[in-house]
Structures are given as structure tokens and as C-alpha cells.
Amino acid sequence: MTQSIADNISAVRAEIARMCEHAGVPEANPRLLAVSKVQPTERVVAALEAGQRDFGGNRVQEAEERWSDLKLQYPGVLLHLIGNLQTNKAAKAVELFDEIQSVDRIKLARVLAREMATQQKQLPVYVQVNTGAEAQKGGALVGDLPDLLSECQTLGLDVRGLMCIPPAGDDPSLHFALLKKLAKQHGVEGISMGMSGDYALAAAMGATDIRVGTAIFGERDYS
Ligand SMILES: *Cc1c(COP(=O)(O)O)cnc(C)c1O
């Protein structure tokens with residue numbers, strides 16, 4: 001990496017601020033979730049040292065291995081689960097994460113509500129919407145959203161917003177606009193959208209949560 005992680009975070013934050021100002025977005029201060037999945041721990045530590053406190057992860061096991069100690073060392077860390085969650089890992093997820101952005105089906109909502117009651121932890125949640133109706137992707141279909149949200153309400157889940165991951169190759173602005181419209185329709189404030197390739201656009205379109213991995217930490221090495 002030619003630039004340090006601290007510099008990358010500053011640059012991403014500056015670009016988000018610039019886009020919000022340019023677009024006259026009222027929520028001029030979206031949260032930046034640093035998506036540290038698969039990244040080596042020293043890169044995560046560099047982000048922590050730079051003052052970053054919101055992190056996104058997609059796996060329960062990685063959260064357990066990585067964050068148990070780091071959370072003690074760096075007070076104020078908020079871990080956001082942004083990946084598919086299997087119901088048999090819901091208990092661990094409630095234990096390890098501070099917010100869950102990938103609630104996408106009634107069964108999962110029920111298991112999460114039960115676990116939160118058991119652990120006496122009321123975590124803010126987002127409902128993930130599969131705006132592109134992709135078979136391989138998580139998220140509720142747009143048509144299933146009303147039932148899912150109403151079930152979440154019945155269960156007493158603290159639904160803060162909606163999240164989406166636009167299909168690769170599509171114009172993300174169509175999906176961002178749809179997500180924003182759905183959030184408004186259902187009366188939730190949170191709009192989690194935008195990744196390394198399109199976060200500036202997401203900021204300009206009113207994202208409240210922006211999830212950036214590669215542009216902060218560099219390429220992920222899956223080898
Ligand atoms: C990996 C991931 C990101 C970050 O992706 P980058 O392109 O590396 O910024 C954001 N959101 C979700 C849900 C992800 O899984």
C-alpha cells in the first residue's frame with residue numbers, strides 16, 4: 001500500500017463530506033463503517049489508531065477471533081454485522097456484534113429477538129433488501145419487506161433502517177434511490193448503502209451508513 005490506512009480513512013471521510021455538501025444532503029454526517037473482513041489484524045489496528053471506531057464484518061467466527069481482545073483495548077468500538085447470518089449463529093452474533101444490518105427473513109428476525117431477550121441486549125438492526133432480486137444474494141425481496149418489517153415490529157426489534165448491496169454491473173443509483181424510497185415509505189431513518197466503488201454517490205444520495213473496505217484497507221487477500 002502506497003498510502004497509509006490513516007490517510008485512506010481521512011480521504012474517504014473528506015470525499016463523503018464533500019459529496020454531502022455538494023448535494024446539500026441534510027444528513028451531512030453519515031457513519032463510516034470500515035469493513036475489515038479478511039484483512040490482517042495489523043491493518044485493523046492501524047484504523048483503530050487513526051481513531052476509527054465503527055467496523056463492519058461479515059462473519060461471526062472472524063469477529064470472535066479478532067475482536068474479543070481489540071474491543072477491550074479500544075473502548076468505543078461498534079461492530080456492525082453486514083453479512084448473511086445463519087440462525088444457528090444468531091446467539092454468537094448477538095453476543096459479539098453491536099448492530100446487525102443483515103436481517104432479511106422472518107425466521108432470522110424471530111431467532112434474533114429471542115436471543116436478544118435471553119442476553120438482555122437490544123441491538124439496533126437494519127433490514128437488508130435484495131433490491132436487484134438476485135438469487136445468490138441475501139436480503140428480503142422488495143415484495144416481502146412489508147411483512148418482514150411488521151413482524152420485526154411485533155417482535156419488538158429496534159429497526160433503525162434498511163441496507164442494500166446493488167448488483168455488480170448495475171447502475172447503483174437506481175438501487176440507492178429505491179432503498180431511500182423504501183426507507184421513507186416505512187418510516188425508518190437509516191439508509192446503509194455505498195461501498196468502495198460507489199460511496200461518493202451513496203453519500204450524495206443521502207446514505208446514513210457507508211460501508212467501505214478496499215478503499216481503506218486495500219485489496220482483500222483470500223489466498
Ligand atoms: C465487503 C463488503 C463491503 C465493502 O466492500 P468494498 O468494496 O471492499 O468497499 C460493504 N458491504 C458489504 C455488505 C460487504 O460485504
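Undergrad: Is there a simple way to explain unusual backbone geometry in this structure?
TA: The phi angle of most residues is negative, glycine excepted, and most peptide bonds adopt the trans form. Residues other than glycine seldom take positive phi values, yet Gln-120 does so here, at roughly 50 degrees. In this structure, Gln-120 sits in the loop between helix H5 (106-119) and strand E5 (124-128). A positive phi angle is found at Ala-133, which is not glycine, with a value near 50 degrees. Positionally, Ala-133 belongs in the loop between E5 and helix H6 (145-155). Of the residues examined, Ala-133 reaches a relative accessible area of 53% and is grouped as exposed.

Undergrad: Sorry if this is basic, but what is going on with the side chain of Glu-151 here?
TA: Here Glu-151 lies in helix H6. A distance of 2.9 Å separates the side chain of Glu-151 from the side chain of Arg-110, its partner in a polar contact. Excluding its chain neighbours within four sequence positions, the residues that come into contact with Glu-151 are Ile-106 and Arg-110.

Undergrad: Help me understand the site of the ligand, please; the structure alone is not making it clear to me.
TA: Around the ligand, the structure places Val-35, Lys-37, Ile-82, Ile-165, Met-195, Ser-196, Arg-211, Val-212, Gly-213, Thr-214 and Arg-220. The separation between an oxygen atom of the ligand and a polar side-chain atom of Lys-37 is 2.7 Å. Taking Arg-211, its side chain carries an N or O atom lying 2.9 Å from a nitrogen atom of the ligand. In the complex, the protein chains occlude 90% of the 390 Å² of accessible area that the ligand would expose alone. Split into classes, the residues belonging to the shell around the ligand amount to 5 nonpolar, 3 polar and 3 charged.

Undergrad: What is the right way to look at H6 in this model?
TA: Residue pairs spaced three or four apart in an α-helix point in one direction, given the helix's 3.6 residues per turn. Inspection of H6 places Leu-145, Leu-148, Leu-149, Glu-151 and Cys-152 among the buried residues, and these make up the whole buried set. Buried residues of H6 fall within an arc of 160 degrees about the axis and therefore sit on the same side. Opposite the packed face of H6, turned more than 90 degrees from it, sit the exposed residues Asp-147, Gln-153 and Thr-154. Of the surrounding secondary structure, the elements contacted by the buried residues of H6 are strand E4 (99-103), H5, E5, strand E6 (158-163) and helix H7 (172-185). Downstream of H6 by a residue or two, Gly-156 has a phi angle that is positive, lying close to 80 degrees.

Undergrad: Sorry, what's going on with the packing of aromatic side chains here?
TA: Geometry of an aromatic ring pair is reported as the spacing of the ring centres plus the angle between the planes. Within this structure, the stated rule accounts for 1 aromatic pair. Centre to centre, the rings of Phe-55 and Trp-67 are 4.8 Å apart; their planes meet at 50 degrees, and the pair counts as tilted. Taken as a pair, Phe-55 in strand E2 (residues 54-57) and Trp-67 in helix H3 (residues 60-73) lie far apart in primary sequence, 12 residues in all. Across this residue pair, the class does not change: Phe-55 and Trp-67 are buried.

Undergrad: Explanation requested: H7 in the structure shown.
TA: Counted at 1.5 Å a residue, the expected span for H7 with its 14 residues is 20 Å, and the 20 Å between its end C-alpha atoms agrees. Among the residues making up H7, those that are buried are Pro-172, Ser-173, His-175, Phe-176, Leu-179, Leu-182 and Ala-183. Downstream of H7 by a residue or two, Gly-187 has a phi angle that is positive, lying close to 70 degrees.

Rules behind the numbers
- The written sequence of each chain sets the order in which its residues are numbered from 1.
- Owing to the predicted nature of the model, reporting of local features is limited to residues with pLDDT of at least 70; listing and counting of side-chain atom pairs is limited to 80 or more, with chain, interface and lining totals taken over all residues.
- Derived side-chain values reflect all non-hydrogen atoms in the structure, with water molecules and hydrogen atoms excluded from consideration.
- Secondary structure elements are defined from DSSP: runs of H or I of at least 4 residues count as helices, runs of E of at least 2 residues count as strands, and each element is numbered from the N terminus.
- For every residue, the accessible area (1.4 Å probe, protein chains only) is compared with the maximum for its type, and the residue is labelled buried under 20%, exposed over 50%, or partly exposed between those bounds.
- Here a polar contact is taken to be a pair of N or O atoms separated by no more than 3.5 Å, where protein atoms must pair a possible hydrogen donor with a possible acceptor and residues adjacent in sequence count only if both atoms sit in side chains.
- The contact rule is simple, with two residues in contact once any of their heavy atoms fall within 4.5 Å.
- The rule for a residue being near a molecule or strand is that one of its heavy atoms must lie within 4 Å of it.
- Surface accessibility follows the Shrake-Rupley procedure with a 1.4 Å probe radius. Residue values consider only the protein chains on display as shielding.
- For this classification, Asp, Glu, Lys and Arg are treated as charged, while Ala, Val, Leu, Ile, Met, Phe, Trp, Tyr, Cys and Pro are nonpolar and the rest, including Gly, are polar.
- Note that the arc is computed from the directions linking the helix axis to the C-beta atoms.
- Classification of ring pairs uses Phe, Tyr and Trp, with its six-membered ring standing for Trp, and accepts pairs whose centres are within 6.5 Å; under 30 degrees between planes counts as stacked, over 60 as edge-to-face, and the remaining range as tilted.
- An expected span of 1.5 Å times one less than the residue number is assigned to each helix.

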